[in-house]
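Below are the chains, spelled out letter by letter.
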Amino acid sequence: MALPSDSETSQDRPKPPELRGVTSPSPERASGILGWLDIFLSEPLRNAPPADLVRHRVLVASALFMLTLAALYLVSTLFSPYSPAPGIAGALYLTTLVATRKSTTIVVPAVVMLATLTAGFVGSLFSNQVNLEGGVHALTLLMPALAVYLLGPRRALLFTLSIALVMDVLHPLYITYVADLNVEGFSLSRFWVRHAMAAIAFLGIWGLCSLHSTARDAAHHSLEQALKELRGSESKLSSIIESTDDLVVALDAKGRLLVANSATRKFYRRIFGTDPELGQTLFRFSDPERIQRWENRIVQVLGGQRLRLEETYEVGDSRLVLDISIHPILAEGGQIVGMTLFGRDITGRKEAETRLGEMHRTLVDVSRQTGMAEVATGVLHNVGNTLNSVNISTTLVTDQLRRSRVTGLAKATALLRERAADLASFLTRDPQGQQLPPYLIAVSEQLVEERETMLKEMQALGQSVEHIKSIVSMQQKHARSAGAVEQVAVPQLIDEALRLHAVSFERLAIRIVRDYSDVPLIFVDRHKLLQILINLLSNARHALVDSAQEDKRLSIHVQLAPGGERLLIDVMDNGVGIASENAARLFTQGFTTKKSGHGFGLHISALAAEEMKGRLTCTSPGPGLGATFTLELPVKGEGV
């Protein structure tokens, strides 16, 4: 029978290369009867792996047992006619115990034990003329089994064959040809058959024990391989969970701690001043309210839920915020046997979010102030243009009055007053008087013309003043409504924004095209929307001023998006356009293509659109082909 080489004892097998230099941990000193057995073992045998240690203890127990039997036999010979020689020979079992105390392997003491056992049995077999059929003795079944167990199948085979040769060949030959037997009913043929069958059974016992030993060693080897792979996987898993700064925890179904990485232990010491203990509940040092919350969460997770939450801890004067994920652990069959907990310190992120929120609020305030400044700039620009018209009209009226013939008319009336007594003679005979009627006619006609001219200029002056009043009134109205959500007629608000730029558009010969669909009133912050519109119109004006396009055109379209829930405002110009590399950065803070720009207007407008639950986008075919800015707003705004 071919036997694998690993069927020897694990004490004799060489370690694989990856395990060389790795010593097995020393087991704790056994107590009770095992502790007494370990007294007879050498240090190497006592520190052997558990499976080999059992074999060593069995060897010691067998030697002690056989020594006890020998002692009892020796005592019994004092009261019987039996020879004390077998009992005295049994003292050789002491040699086995001495060998186990001195040897580093089990081979020498096992050979001594088996040799002593065999010698005693063979000696008694050849010396006993009564029991002729020693091959069927019960001890023959024990010896090959014990040999396989102690020495392994290969060494036990040599031992078994030698004993079988002695007991089932030499002994029958001795009985047949040497011994002088006169036993009644003895059958020599039956004697040989029984010994032959015993030899087969003897080898069969060895075979069965070898098969069992080989299977056991194979199973043990597979177990060692599985444990090795398990330890490797455990090492890799441990390296993974120890390499992260996040908290990694495994709990059983009762919330007791199974695994905790170093980050968890560090956090635990920081919060509670002590290390977490395996087998204890993780939250036992928390306040009752927090413990109750965690108990409720554990119940939810054991019910199959996955939880994601934030937990805040106070550490002295500081605050620690954890982002925690809890997942159930499923066994085969889908049964939940525990849970995993992953925690990440997001204190820095929370603080950054707080600062970002403060910056956002500051930016919103600056945005509104910038919007008001934009409106005010538009107001001042248009008021300045209108004041130029007022100044022109005033100058014209002043010049007209300075050149007026009213002074000559006053002289003529003074002359008529002087000649009132002979007025008829003066007008008909005096050459100066004769010229007076045509002069008066000419003066009156000129005064009528002057009156018409001055009335026209005064009307223009009045219109300019009214325009200034309307601009100021509109600015005041929007300033009062800043931050308030109200119903707004978008086309009317666009016209008001256009009015702020009306003079500039007229002087620059920019043609305005309005295309307003029938749209409902929308709920929106009037001031934010006006701010966006003024900024878009201002950018369009700059794009058209810098363009070489002769037909400068600004088109504004208002319509509902498909579905009727969103309103679209398109501001299109045929100005300088936008390069593709600039389109992605157009709404970024600080980005501008203007020489005197600050890169703030479109960024603020985009933020204002988001605050109104809308969106501001831009498209352009390319440089020199104009651009379209689209403002998308909900018909039912925030808070509705």
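Residues numbered from 1 in each chain as written. Predicted model: local features only at pLDDT ≥ 70, side-chain atom pairs only at ≥ 80, totals over all residues. Heavy atoms only, no water.

## So, the pattern of salt bridges
Formally: A side-chain nitrogen of Lys or Arg and a carboxyl oxygen of Asp or Glu constitute a salt bridge if their distance falls within 4 Å. By the criteria applied, helices consist of DSSP H or I runs no shorter than four residues and strands consist of E runs no shorter than two, each listed in order from the N terminus. When a residue's accessible area, from a 1.4 Å probe over protein chains only, is under 20% of the maximum for its type it is buried; when over 50% it is exposed; and in between it is partly exposed.
Evaluation of the coordinates by the stated rule reveals 23 salt bridges. Ionic pairing is found between Arg-46 and Glu-43, a salt bridge with its closest N-O pair at 2.7 Å. In this pair, Arg-46 and Glu-43 are both assigned in helix H2 (residues 43-46), 3 residues apart and thus about one turn of the helix distant. A relative accessible area of 45% means that Glu-43 is categorised as partly exposed. One salt bridge connects Asp-52 with Arg-55, and the closest N-O pair in it is separated by 2.8 Å. In this pair, Asp-52 and Arg-55 both sit in helix H3 (residues 50-76), 3 residues apart, roughly one turn of the helix. Summarising the burial analysis for this pair, Asp-52 and Arg-55 share the class buried.

## Considerations on the nonpolar core
Filter applied, for reference: As used here, the term nonpolar core means buried Ala, Val, Leu, Ile, Met, Phe, Trp, Tyr and Cys residues forming a set that is joined through side-chain atoms within 4.5 Å. The contact criterion used is simple: two residues touch if any of their non-hydrogen atoms lie within 4.5 Å.
Of all hydrophobic cores here, the largest spans 39 residues; its most connected members are Val-490, Ile-494, Leu-529, Leu-554, Ile-569 and Leu-631. Mapped by element, the contributors of at least two residues to this core are helix H16 (490-500), strand S8 (522-525), helix H18 (526-545), strand S9 (553-560), strand S10 (566-573), helix H20 (601-611) and strand S12 (627-634). Broken down by element, this core gets its largest block of residues, 9 residues, from H18. Sequence-distant contacts of Val-490, defined by excluding residues within four places in its chain, comprise Ile-522, Leu-529, Val-558, Leu-567 and Ile-569. Grouped together as the second largest cluster of nonpolar side chains are 30 residues, Leu-37, Ala-110, Leu-146 and Ala-156 included.

## Re the sheet that holds strand S5 (residues 336-345)
The cut-off we apply is this: Pairs of strands are assigned from DSSP output, requiring at least two bridges between the strands. Lines are fitted to the C-alpha atoms to define the axes, a helix being fitted only along its stretch in contact, and any angle between axes, read from their N-to-C directions, falls within 0 to 180 degrees.
Taken together, 5 strands build an open sheet; the order of strands is S2-S1-S5-S4-S3 and the sheet is antiparallel. At either end of the open sheet lies a strand with only one pairing partner, and these are strand S2 (257-260) and strand S3 (307-315). Strand-to-strand twist across the sheet, computed as the mean angle between neighbouring axes with direction ignored, equals 25°.

## Some details on the sheet that holds S10
In any sheet, the strands associate via hydrogen bonds between backbone groups, in a parallel or an antiparallel arrangement. One open sheet holds the 5 strands; their spatial order is S7-S9-S10-S12-S11, and the pairing between them is mixed. Because the sheet does not close on itself, it has two edges, and the strands there are strand S7 (511-516) and strand S11 (615-619). For this sheet, the mean inter-axis angle between neighbouring strands, taken without regard to orientation, is 15°. With 5 bridges joining them, S11 and S12 adopt antiparallel strand pairing.

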